[in-house]
Amino acid sequence: MNEDEKYINRCFELALNGLGNVSPNPMVGCVIVYQDKIIGEGYHRNYGEAHAEVNAINTVENKELLKESTVYVNLEPCSHYGKTPPCAELLIKHQVKRVVISNTDPNPLVAGKGIQLLKSAGIEVICGVLEEKGNELNKRFFTFFAKKRPYIILKWAKTLDGFMDINRSEPGNNQKYWITNEKLKILVHKWRSEESAIMVGTKTALNDNPQLNVRLWYGKQPLRIVLDEKSELSEKLFIFDQTSPTLVFTSINKENQTNITYKQIDFCNNPIKELLDYLYEIKITSLIIEGGKELLLSFINQGIWDEARILTGNKTFGIGLKAPEIIGEILFRETIDNDTVEIIKHTET
């Protein structure tokens, strides 16, 4: 690993601190180095607040050293006025000597313009350092611009014999059945805190009455989304408790309520595309789909997914609702207290 890679790796570490808090912005870390010594570093903490470069420069005690320093940042400095002023102009103002970047910003408002501004000011710019690792770090942000939809994570739990739910056709079988252990419940809540939104279908809302919020972990609440084509869900369900923002896709025109938005879509004409187009419009960069089976399969069958996170509990049902089957590249597998976590990446052909 050379010097540039070492400090870009540090940018990645810093950037990760913003996971779940900066969306729809990317995760960005910044390191400032003078004579092989870090004199400042920072990261983008929350959407709408100062960017990584600003926070890093603010930690530099002697600003005169910036003229002989290298600024490392994992994403191209912005060149436009948004929630904050352009970071490229800030670096030019301080006359930094050199800027090393991992990824070019895919946002059309930037897309190379920040790099050009720096070069035009006589600053040496190096691009593409650990580019693939940078792509993985900001996979949500890059997918949002490349595919004009959120980064989609499919998630379900299943038993050792492959069932995701009990047989609910028998009378009295309407209670919740937890498949995995307490540690994996905590992990699921951590996952929720890292994404922009979480969605379930009508049957899952009816059968499980999920809260779809973060309770067992500290973090930002995701936007709760439910499909309710015929407006058949009871307003007594947790998802309608108005404790956090909720979006309901329905075929019926309904008035919004406090913290509840109703979006009318056509369920007869590929509702998946229509709902994803709307999520793109409101800048939802990532989406966890927690069920049920029909909703999961609709995304799997159309090939519209990026990751699947499958939890396998150490128990059997014998009979019930079979879990979906999915094919992809296994990125991660770990056993935690006899239950297994598996993360699968969608490999497009």
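Preceding block: the structure.
Calculation rules
Residues numbered from 1 in each chain as written. Predicted model: local features only at pLDDT ≥ 70, side-chain atom pairs only at ≥ 80, totals over all residues. Heavy atoms only, no water. Pairing = 2+ DSSP bridges. Helix = DSSP H or I, 4+ residues; strand = E, 2+ residues; numbered from the N terminus. Axes fitted to C-alpha atoms, helices over the stretch in contact; angles between N-to-C directions. Salt bridge = Lys/Arg side-chain N within 4 Å of Asp/Glu carboxyl O. Buried < 20%, exposed > 50% of the residue type's maximum accessible area, 1.4 Å probe, protein only. Phe/Tyr/Trp six-rings, centres within 6.5 Å; stacked < 30°, edge-to-face > 60°. Expected span 1.5 Å × (residues − 1). Contact = heavy atoms within 4.5 Å. Polar contact = N/O pair within 3.5 Å; in protein donor to acceptor, adjacent residues only side chain to side chain. Disulfide = S-S within 2.5 Å. Core = buried A, V, L, I, M, F, W, Y, C linked by side-chain atoms within 4.5 Å. Patch = residues over 30% accessible without salt bridge, like charges linked within 9 Å, V, L, I, M, F, W, Y side chains within 5 Å. Areas by Shrake-Rupley, 256 points an atom, 1.4 Å probe, with all protein chains shown as cover. Lys, Arg positive; Asp, Glu negative; His and termini not counted.

A word on the sheet that holds strand β10 (residues 246–250)
Right, on to step 1. The nine strands lie next to each other as β11-β10-β9-β8-β12-β6-β13-β16-β15, forming an open sheet whose pairing is mixed. The outermost strands of the open sheet, each flanked by one partner alone, are β11 (260–264) and β15 (329–336). Across the sheet, the mean angle separating the axes of adjacent strands is 20 degrees when strand polarity is ignored.
Right, on to step 2. Note that strand β8 (residues 197–200) and strand β12 (residues 286–289) share three bridges and pair parallel.

Description of the pattern of salt bridges
Right, on to step 1. For the structure on display, the rule yields 22 salt bridges.
Right, on to step 2. Here Lys6 and Glu3 are joined by a salt bridge, their closest N and O atoms 3.5 Å apart. Highlighted residues: Lys6 and Glu3, both in helix α1 (residues 3–15), separated by three residues, approximately one helical turn.
Right, on to step 3. The class for Lys6 is partly exposed, based on a relative accessible area of 34%.
Right, on to step 4. Owing to a relative accessible area of 38%, Glu3 belongs among the partly exposed residues under this scheme.
Right, on to step 5. For the salt bridge of Glu195 with Arg140, the shortest nitrogen-to-oxygen distance reads 2.8 Å. Taken together, the residues Glu195 in the loop between α7 (182–194) and β8 and Arg140 in helix α6 (residues 139–147) connect sequence positions 55 residues apart.

A look at the packing of aromatic side chains
Right, on to step 1. This structure, assessed with the given rule, holds six aromatic pairs.
Right, on to step 2. A centroid spacing of 6.0 Å and a plane angle of 90 degrees characterise the contact between Phe249 and Tyr278, whose relative ring orientation is edge-to-face. Of this pair, Phe249 sits in strand β10 while Tyr278 sits in helix α9 (residues 271–281), placing them 29 residues apart in sequence. This pair shows no difference in class: Phe249 is buried, exactly as Tyr278 is.
Right, on to step 3. Pairwise contacts between aromatic rings join Phe141, Phe142, Phe144, Phe145 and Tyr280 into one cluster.

Section: α1
Right, on to step 1. With 13 residues, α1 extends 19 Å from end C-alpha to end C-alpha; this agrees with the ideal 18 Å at 1.5 Å per step.
Right, on to step 2. Among the structural elements, β1 (29–34), β2 (37–43), β3 (70–75), β4 (98–103) and α5 (131–137) are those in contact with the buried residues of α1.
Right, on to step 3. One side-chain oxygen of the residue at the start of α1 lies 3.1 Å from the amide nitrogen of Asp4, identifying that residue as Asn2.

Notes on the state of the cysteines
Right, on to step 1. Following the criterion strictly, the structure yields zero disulfides and no others.
Right, on to step 2. Cysteine Cys78 is unpaired, with the sulfur of Cys87 as its nearest cysteine sulfur at 3.8 Å.
Right, on to step 3. The buried category is assigned to Cys78, whose relative accessible area is 8%.

Overview of the nonpolar core
Right, on to step 1. The biggest cluster of nonpolar side chains holds 32 residues, and the ones touching the most others in it are Leu154, Phe249 and Phe299.
Right, on to step 2. Contributing elements (two or more residues each) for this core: β6 (151–158), β8, β9 (223–227), β10, α9, β12, α10 (293–301) and β13 (307–312).
Right, on to step 3. Looking at this core, the element that brings in the most residues is α9, giving five residues.
Right, on to step 4. In this view, Leu154 contacts Ile289, Leu296, Phe299, Ile300, Trp305, Glu307, Ala308, Arg309 and Ile326; residues no more than four positions away in its chain are not counted.
Right, on to step 5. One finds Cys30, Leu75, Phe141 and Phe142 within the second-largest nonpolar core, a separate group that totals 26 residues.

Points about a nonpolar patch on the surface
Right, on to step 1. A surface patch of nonpolar side chains, about 470 Å² in accessible area, is lined by Ile186, Leu216, Trp217 and Tyr218.
Right, on to step 2. Within the secondary structure, Ile186 is located in helix α7.
Right, on to step 3. Given a relative accessible area of 34%, Ile186 falls into the partly exposed group.

Quick word on α7
Right, on to step 1. The terminal C-alpha atoms of α7 lie 19 Å apart, and with 13 residues this matches the ideal 18 Å at 1.5 Å per residue to within 8%.
Right, on to step 2. Within α7 the residues assigned to the buried category are Leu184, Lys185, Val188, His189, Trp191, Arg192, Ser193 and Glu194.
Right, on to step 3. The opening residue of α7, the one whose side-chain oxygen lies 3.1 Å from the backbone nitrogen of Lys183, is Asn181.

Focus: the side chain of Glu76
Right, on to step 1. For Glu76, the position within the fold is in the loop between β3 and α3 (87–93).
Right, on to step 2. There is no salt bridge for the buried Glu76, and the closest opposite charge comes from Lys113, which lies 8.0 Å off by N-O distance.
Right, on to step 3. Here Gly112 takes part through its backbone nitrogen, which lies 3.0 Å from a polar atom of the side chain of Glu76.
Right, on to step 4. Within the local environment of Glu76, its side chain forms a polar contact with the backbone nitrogen of Gly114, the two atoms lying 2.8 Å apart.
Right, on to step 5. When sequence neighbours within four positions are dropped, the list of residues in contact with Glu76 reads Ile101, Asn103, Thr104, Asp105, Val110, Ala111, Gly112, Lys113, Gly114 and Ile115.

Some thoughts on the pairing of β2
Right, on to step 1. With six bridges connecting them, β1 and β2 associate as antiparallel partners. Considered in β2, the bridge of Ile32 is made with Gly40.
Right, on to step 2. The antiparallel hairpin formed by β1 and β2 contains two residues in its connecting segment, where Gln35 sits at a positive phi of about 50 degrees.

Some points on unusual backbone geometry
For residues that are not glycine, phi is negative in most cases, and the peptide bond is trans in most cases.
Right, on to step 1. Geometrically, the link from Ser23 to Pro24 is a cis peptide bond, its omega value of 10 degrees lying close to zero.
Right, on to step 2. Inspection of the secondary structure assignment puts Pro24 in the loop between α1 and β1.
Right, on to step 3. Following Gly291, the chain continues to Gly292 via a peptide bond in cis, the omega torsion being 0 degrees.
Right, on to step 4. Its location among the elements puts Gly292 in the loop between β12 and α10.
Right, on to step 5. A positive phi is found at Gln35, a non-glycine position, where the angle reads about 50 degrees.
Right, on to step 6. Looking at where Gln35 falls in the secondary structure, it is placed in the loop between β1 and β2.
Right, on to step 7. Taking relative accessible area as the criterion, Gln35 reaches 66% and is therefore assigned exposed.
Right, on to step 8. The phi dihedral of Ala111 is positive, around 40 degrees, even though this residue is not glycine.

All we've got here are geometric facts, nothing functional implied.
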